[in-house]
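One-letter residues, chain by chain:
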Amino acid sequence: MTKYREIQAPLRTIMTPGPVEADPRVLRAMATPILGQFDPAFTHIMNETMEMLRQTFQTENQWAFPVDGTSRSGIEAVLCSLIEPGDKVLVPIFGRFGHLLTEIAERSGAEVHLMECAWGRVFDQQAVIEEVKRVRPKILAIVHGETSTGCMQPLDRIGPACRELGVLTVVDAVASIGGAPVKVDEWQLDAVIGGTQKCISVPSGMAPVTYNERVERILASRKKVERGVAGDGDRSEVARPIRSNYFDLSQLQDYWGPRRLNHHTEATSMLYALREGLRVLLEEGLEERFERHRLHEQALMAGLRGMGLELFNDVPWKLPVVTCVKIPAGVDGESVRSMLLDQFGIEIASSFGPLHGRIWRIGTMGYSCRKENVLFALAALEAVLIRHRAPIVIGRGVQEALDVYEEVRLETASV
C-alpha cells in the first residue's frame, strides 16, 4: 500500500490575474474550529459576512451572500435563476469571459444576442445602450474587469439606461471587486457577481453575489422549494421553475435569510476565510485599497516600460489590477514563464484566444499587490529576458519602479 507524505507545497510569488496569494490572516482563519451550520455562533458569522459584502459591493441590497463554488458558480446561479427559455439576453463581448456569459446563457435556454469588439478594447457606453434599445432584452450580461485583456468596461451610464428601459443588468465583477470601484447602487446594477481568489485574497471556492428587489421578484415567481424540506406554505409545483437545484437563488435566500431553510451544508472553513478577507479589506478601507492597487500598477508599468517592453493594455480603460505585456519578437513566451517559475518561484500568466502567445498577463491583486513582489518580479523578468537574448534595456526596470515608489514616499512625507 502506498504511503503518502504530508503536503509540502512550494512557496511561490503569484503574480497572475488569479488565483493570487492568500492573506496569511485568511489562512489562519481557515484553521478555526468547525461549527454546525445552524449553530447561532455560525449564523452570526453568516450575518456579519453578508453585511461586509454589502459594504464591499457598495450597496444597500438586502441580498449579498456567497454561492459555494468558484466564481463561475455565482455567474451560473444568477443567470440560470433569472433566464427562462426564450428570454432575450444581450452579451457585449470584449474578451474570454464574455464568451463564458454567452455559454451559460445559451445553456439556460436564452435567445442570446451578441455585440463584439476587438480584444484590447471596450465598448462605448452609448453603443451598448443603443443596442439594448434595439434588441430589448430581458437581461444585459456584461463583464466589468476582463482579465484576458486587462481591460475594464465603464458601466456608470449603462446601468441607469438599462434601469430606465426595464432591462436587468447582470455584471461579472469577479476580477475587479476589492481592487477597483464596483458601485452597485450608484451605477444601478441589478445583480453583480464577485470572486474570492483575486483582489479579496481568499482561496478560490466562493462566489459573492448581490442583487436587488427587481431580481428578487423574478426569483419569487419561479420559486419551487424541494419537497423534502418544503413547508405548508411552499409551492412544490411551478410552471417554469429555476432549473438548477444547487444554483437556485430563491432557495439560497431561504438558507441565508432568517428562515435558515436547509439547502446545502455551508463550506464552513471557506466562510471563515471570506469573512476574514472582507474584514481585512474593510479595515484597510475601500479607497485606500483602490489607491494601493493603483500605486503598484503604476510602479509595475514604469518598470516594464523602463526595460523597453511594450504594454498591450496601456489605455485609458486599463483594468488597474492586471498589466498585459507584449512578448518581444523572437522570444518564446512559455519558456520565459517556465524559467521564472523554475528559477525564481514567480508565476505570471499567458492569455487566451487571439492573444495566446502574444502577451503575458501580470496581476497585482490583493495580498500579491505589494512593493516587494513588484520589484522581485521586475528583477527576475529582466534576468530571464537577458537569458533569452531579448532586446531589452538592462538595469532600468527596477530603477524606474523605485522612482515611482520614491516619489510617493516624498509626497507622503511632505504632507
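Residues numbered from 1 in each chain as written. Predicted model: local features only at pLDDT ≥ 70, side-chain atom pairs only at ≥ 80, totals over all residues. Heavy atoms only, no water.

1. Digging into the domain arrangement of the chain
Consideration 1: By domain assignment, the chain separates into domain 1 (22–281) and domain 2 (286–414).
Consideration 2: Contacts between the two partners involve 31 residues from domain 1, matched on the other side by 23 residues from domain 2.
Consideration 3: When domain 1 packs against domain 2, close to 2200 Å² is buried across both sides, 67% of that on carbon and sulfur atoms.
Consideration 4: Along the contact surface separating domain 1 from domain 2 lie zero salt bridges.
Consideration 5: Elements that contribute at least two residues to the side of domain 1 that touches domain 2 include exactly α2 (40–57), β6 (145–146), β7 (151–152) and α9 (268–284).
Consideration 6: Looking at side-chain class alone, the side of domain 1 that touches domain 2 contains 13 nonpolar, 13 polar and five charged residues. (Domains from an automatic or database assignment. Contact = heavy atoms within 4.5 Å. Buried area = accessible area lost by both parts, 1.4 Å probe. Salt bridge = Lys/Arg side-chain N within 4 Å of Asp/Glu carboxyl O. Helix = DSSP H or I, 4+ residues; strand = E, 2+ residues; numbered from the N terminus. Nonpolar A, V, L, I, M, F, W, Y, C, P; charged D, E, K, R; others polar.)

2. What to know about the packing of aromatic side chains
Consideration 1: Applying the stated criterion across every chain yields a total of 10 aromatic pairs.
Consideration 2: Between the aromatic rings of Phe 42 and Tyr 272, the centroid separation amounts to 6.3 Å while the plane-to-plane angle is 75 degrees, which identifies the pairing as edge-to-face. Here Phe 42 is found in helix α2, whereas its partner Tyr 272 is found in helix α9, with 230 residues between them in sequence. The two residues Phe 42 and Tyr 272 agree in class, both being buried.
Consideration 3: One aromatic cluster is present, built from ring pairs that chain together Phe 38, Trp 63, Phe 65, Tyr 211, Tyr 255 and Trp 256. (Phe/Tyr/Trp six-rings, centres within 6.5 Å; stacked < 30°, edge-to-face > 60°. Buried < 20%, exposed > 50% of the residue type's maximum accessible area, 1.4 Å probe, protein only.)

3. Details of the pairing of strand β13 (residues 359–363)
Consideration 1: Judged by how many residues are buried, β13 sits mostly within the fold: five of five residues are covered.
Consideration 2: Alternating positions in β13 separate into two faces, Ile 359, Arg 361 and Gly 363 on one and Trp 360 and Ile 362 on the other, with burial throughout.
Consideration 3: Sheet topology note: the strand β11 (residues 322–326)/β13 ladder contains five bridges and is antiparallel. Opposite Val 322, over in β13, you have Gly 363 as the bridge partner. (Pairing = 2+ DSSP bridges.)

4. A word on the environment of Gly 195
Consideration 1: Of note, Gly 195 is situated in the loop between β9 (191–193) and β10 (206–211).
Consideration 2: Residue class for Gly 195 comes out buried when judged on its relative accessible area of 0%.
Consideration 3: Look past the residues within four positions of Gly 195 in its chain and what remains in contact with it is Ser 71, Val 174, Ile 177, Ile 200, Met 206 and Pro 208.

5. Some points on the UniProt feature "domain: Aminotransferase class V" (unreviewed entry) in the chain
Consideration 1: According to UniProt, the feature "domain: Aminotransferase class V" (unreviewed entry) maps to residues 40–350 in the numbering used here.
Consideration 2: The distance from the first to the last C-alpha atom of residues 40–350 is 45 Å, and the span holds 41% helix and 15% strand. (UniProt positions renumbered as here; feature names shortened; annotations may be inferred.)

6. Notes on the sheet that holds strand β8 (residues 168–172)
Consideration 1: Spatial strand order, β2-β10-β9-β8-β5-β3-β4: seven strands in an open sheet with mixed pairing. A strand with exactly one partner marks an edge of an open sheet, and here the two such strands are β2 (63–68) and β4 (111–116). For this sheet, the mean inter-axis angle between neighbouring strands, taken without regard to orientation, is 20 degrees.
Consideration 2: Sheet strands in contact with α2 are β2, β9 and β10, and its direction is about 105 degrees off that of β2. (Axes fitted to C-alpha atoms, helices over the stretch in contact; angles between N-to-C directions.)

7. Focus on the nonpolar core
Consideration 1: Core analysis: the largest hydrophobic core is formed by 84 residues, its most contacted members being Phe 65, Val 67, Leu 82 and Leu 249.
Consideration 2: Not counting chain neighbours up to four residues away, the residues in contact with Leu 82 comprise Asp 87, Lys 138, Ile 139, Leu 168, Val 170, Val 215, Ile 218, Leu 219 and Arg 222.
Consideration 3: Formed by 31 residues, the second largest nonpolar core is a distinct cluster that contains Met 307, Leu 311, Ile 327 and Ala 380. (Core = buried A, V, L, I, M, F, W, Y, C linked by side-chain atoms within 4.5 Å.)

8. Some details on the packing of helix α5 (residues 125–135) against helix α6 (residues 158–165)
Consideration 1: Closest axis-to-axis distance for the α5/α6 pair is 10 Å, and the angle between their directions is 15 degrees. Looking at the two axes, α5 sits roughly parallel to α6. Judged by the twist between their axes, the crossing of α5 over α6 is right-handed. Residue-level contacts link Gln 125, Val 128, Ile 129, Val 132 and Lys 133 of α5 to Ile 158, Ala 161, Cys 162 and Leu 165 of α6.
Consideration 2: Broken down by class, the residue content of the contact of α5 with α6 amounts to seven nonpolar, one polar and one charged. (Parallel < 35°, antiparallel > 145°, perpendicular 65-115°, else oblique. Left-handed = near helix turned anticlockwise from the far one by under 90°.)

9. Digging into the packing of helix α10 (residues 286–306) against helix α13 (residues 397–414)
Consideration 1: Look at α10 against α13: their axes get within 6 Å of each other, and the N-to-C directions meet at 145 degrees. Between α10 and α13 lies a crossing whose hand is right-handed. Contacts from Leu 295, His 296, Gln 298, Ala 299, Ala 302, Gly 303 and Gly 306 of α10 reach α13 at Gly 397, Glu 400, Ala 401, Val 404, Tyr 405 and Val 408.

10. Notes on the side chain of Thr 169
Consideration 1: You can see Thr 169 is positioned in strand β8.
Consideration 2: Once residues within four sequence positions are removed from consideration, Thr 169 is found in contact with Leu 140, Gly 159, Cys 162, Leu 189, Asp 190 and Ala 191.

11. Concerning helix α12 (residues 371–387)
Consideration 1: With 17 residues, α12 should reach 24 Å at 1.5 Å per residue; the first-to-last C-alpha distance of 25 Å fits that figure.
Consideration 2: Along α12, the residues classified as buried are Asn 373, Val 374, Leu 375, Ala 377, Leu 378, Ala 380, Leu 381, Glu 382, Val 384 and Leu 385.
Consideration 3: Where α12 is buried, its residues meet β1 (13–14), α10, α11 (333–344), β12 (346–347), β13 and α13.
Consideration 4: Of the residues flanking the end of α12, it is Arg 389, one or two places downstream, whose phi is positive at about 55 degrees. (Expected span 1.5 Å × (residues − 1).)

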